[in-house]
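# Structural overview for review
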Amino acid sequence: MNPLRPVAVRIGALPWLPRYSRPIIAVDKTIQRVTRGKVTLLAIAGLPSLVLTVKGRKTGEPRSTPLLCVPHDGGWLVVGSNWGHPKAPAWAVNLRAADRAEVLYDGHEYAVSVRVAEGEERERLWQVLLRTWPNYALYAKRTDRELPVFVLMPLGS
């Protein structure tokens, strides 16, 4: 295990961290652009990540966001946590409105189908997610909304 991973989990639990989400994401995007997607803040910490590109539901313009992910059953799980903010992140609202998106993972691009896990499946996948990022439980306590669990599967699989 990457020795920075426990540090990242601790930092991710800090209650003031969400205030700095925009600069953190900006730094991450810059690192990814300079390294052509080979290095991310999450990867430095030993955490799996992807870049999600989904069309804006209003503009139709593609929007890209680096995200923590959990590889699972040939695809990926992502959570619209927004660090426990009352409002869902824009990417999650856009993704919920989409039936497909693009994923950049480990230097490879994939067209993916999109669905939101519900009920028993969501509960099972939630436990899978918590093994990688236990702070999701903390984020869920910070908000009244249910954090959506998205299942992204490569098209044609």
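Residues numbered from 1 in each chain as written. Predicted model: local features only at pLDDT ≥ 70, side-chain atom pairs only at ≥ 80, totals over all residues. Heavy atoms only, no water.

A cluster of nonpolar residues, Leu4, Val7, Ile11, Val27, Leu41 and Ile44, forms a patch on the protein surface that exposes about 450 Å² of accessible area. Within the residue set of the nonpolar patch, elements represented by two or more residues are helix H1 (5-12) and helix H3 (41-44). Relative to the helices and strands, valine 7 is located in helix H1. (Patch = residues over 30% accessible without salt bridge, like charges linked within 9 Å, V, L, I, M, F, W, Y side chains within 5 Å. Areas by Shrake-Rupley, 256 points an atom, 1.4 Å probe, with all protein chains shown as cover. Salt bridge = Lys/Arg side-chain N within 4 Å of Asp/Glu carboxyl O. Helix = DSSP H or I, 4+ residues; strand = E, 2+ residues; numbered from the N terminus.)

This brings us to unusual backbone geometry. Phi is positive for asparagine 82, close to 50 degrees, though the residue is something other than glycine. Tracing the chain through its elements places asparagine 82 in the loop between strand E4 (75-79) and helix H4 (90-97). Residues other than glycine seldom take positive phi values, yet tryptophan 83 does so here, at roughly 55 degrees. By the secondary structure assignment, tryptophan 83 is in the loop between E4 and H4.

Core analysis: the biggest nonpolar cluster contains 22 residues, and Leu77, Val79, Trp126, Leu129, Trp133, Tyr136 and Val149 have the highest contact counts within it. Elements that contribute at least two residues to this core include exactly H1, E4, helix H5 (119-132), helix H6 (135-141) and strand E7 (149-154). It is H5 that provides the largest number of residues to this core, a total of 5 residues. With sequence-adjacent residues up to four places away left out, tryptophan 133 is seen in contact with Ala8, Val9, Gly12, Leu47, Leu68 and Tyr139. Counting 16 residues, the second-largest nonpolar core is a separate cluster that includes Val54, Trp76, Leu95 and Val112. (Core = buried A, V, L, I, M, F, W, Y, C linked by side-chain atoms within 4.5 Å. Buried < 20%, exposed > 50% of the residue type's maximum accessible area, 1.4 Å probe, protein only. Contact = heavy atoms within 4.5 Å.)

As a further point, take the packing of aromatic side chains. Within this structure, the stated rule accounts for 6 aromatic pairs. A centroid spacing of 5.9 Å and a plane angle of 80 degrees characterise the contact between tryptophan 16 and tyrosine 20, whose relative ring orientation is edge-to-face. When the centroid spacing of 5.2 Å and the interplanar angle of 55 degrees are considered together, the rings of tryptophan 76 and tyrosine 110 count as tilted. Separated by 34 residues along the polypeptide, tryptophan 76 in strand E4 and tyrosine 110 in strand E6 (residues 108-116) bring together distant segments of the chain. (Phe/Tyr/Trp six-rings, centres within 6.5 Å; stacked < 30°, edge-to-face > 60°.)

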